[in-house]
Each structure stands twice: as structure tokens, then as C-alpha cells.
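Results of the structural survey
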Amino acid sequence: MEFGGCRNYKGVVGADDLLRPQLLIGGALVMLLGVFLYVTAFPLVFAWSFPFIVGGGIMALISLFVPESEGPVQPPEGSKFCVFCSTPMPVSAERCTHCNGLQPKE
Ligand SMILES: [Zn+2]
């Protein structure tokens, strides 16, 4: 595991790599906001600095462990999803094997 940049930081290579560390960046921004509130030290917002810092830290931390989103789910080769129950079924089938729903003609 490398942390030298967005790309490949979980050992995954793909076109949407740049979108992946959203939670990491979001957590970092929340932490920055918390630090900002801490530094400015206005009495009312000061109390919020630690929750922001801790929450941002948690966001950044769990971003390293949550599974990657893989975009829209694609049906297996030669299959399509039932329009009613989303069960994968053969493209040629007229009715779903799971819910028996009549598939619309394409
Ligand atoms: Zn179905």
C-alpha cells in the first residue's frame, strides 16, 4: 500500500482513481475546519473544533478501509437484469426466472 498520491493508494488502478479518496479529502477538510475553529477560538465555535477534528479524522481513517465503489453494476455476459426484481437472467428469456415478470421488448 502506497500513500504517494491519489493513484493506487489502495493498489487499485482504474480510470476513476481520482474520484476514490473523496472520503479521505472530505475528512481532511473537516479536520482543517476543526483546526480553523480551534485556532480562531471564538467561544461559541471553539467547542465544535474537537468534534470536527475527531470526526474528520474518523472519516479520513475509514476511507482507507471502506470498499471501493465499482460504478454501475453490469450484468454477466449474455444476461440482463429483470426490470422488476433485478435478478440476472438470459437476454433471450421473455420472463424472469425469479419473479416470472414479463420483460418489455427492447
Ligand atoms: Zn424478476
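Before reading on, note that the structure itself is shown above.
Residues numbered from 1 in each chain as written. Predicted model: local features only at pLDDT ≥ 70, side-chain atom pairs only at ≥ 80, totals over all residues.

1. Quick look at the environment of Leu61
As a reminder, the rule being used: Runs of E in the DSSP output that reach at least two residues are strands. Runs of H or I that reach at least four are helices, and both are numbered from the N terminus. Here a residue counts as buried when 20 or more other C-beta atoms fall within 10 Å of its C-beta, as exposed when 12 or fewer do, and as partly exposed in between; the C-beta atoms come from the backbone.
Note on placement: Leu61 falls in helix H2 (residues 43-62). A residue is classified by how many C-beta atoms lie within 10 Å of it, and Leu61, with 12 of them, is exposed. Expressed as a C-alpha distance, the spacing of Leu61 and Ala28, which sit 33 residues apart in the sequence, is 9.8 Å.

2. A look at unusual backbone geometry
If you check the backbone angles, Ser86 has positive phi at about 65 degrees while not being a glycine. In this structure, Ser86 sits in the loop between strand S1 (79-81) and strand S2 (88-90). By the C-beta count within 10 Å, which is 13 here, Ser86 ends up partly exposed. Backbone geometry places Asn100, a non-glycine residue, at a positive phi of 60 degrees. Along the chain, the position of Asn100 falls in the segment after S2.

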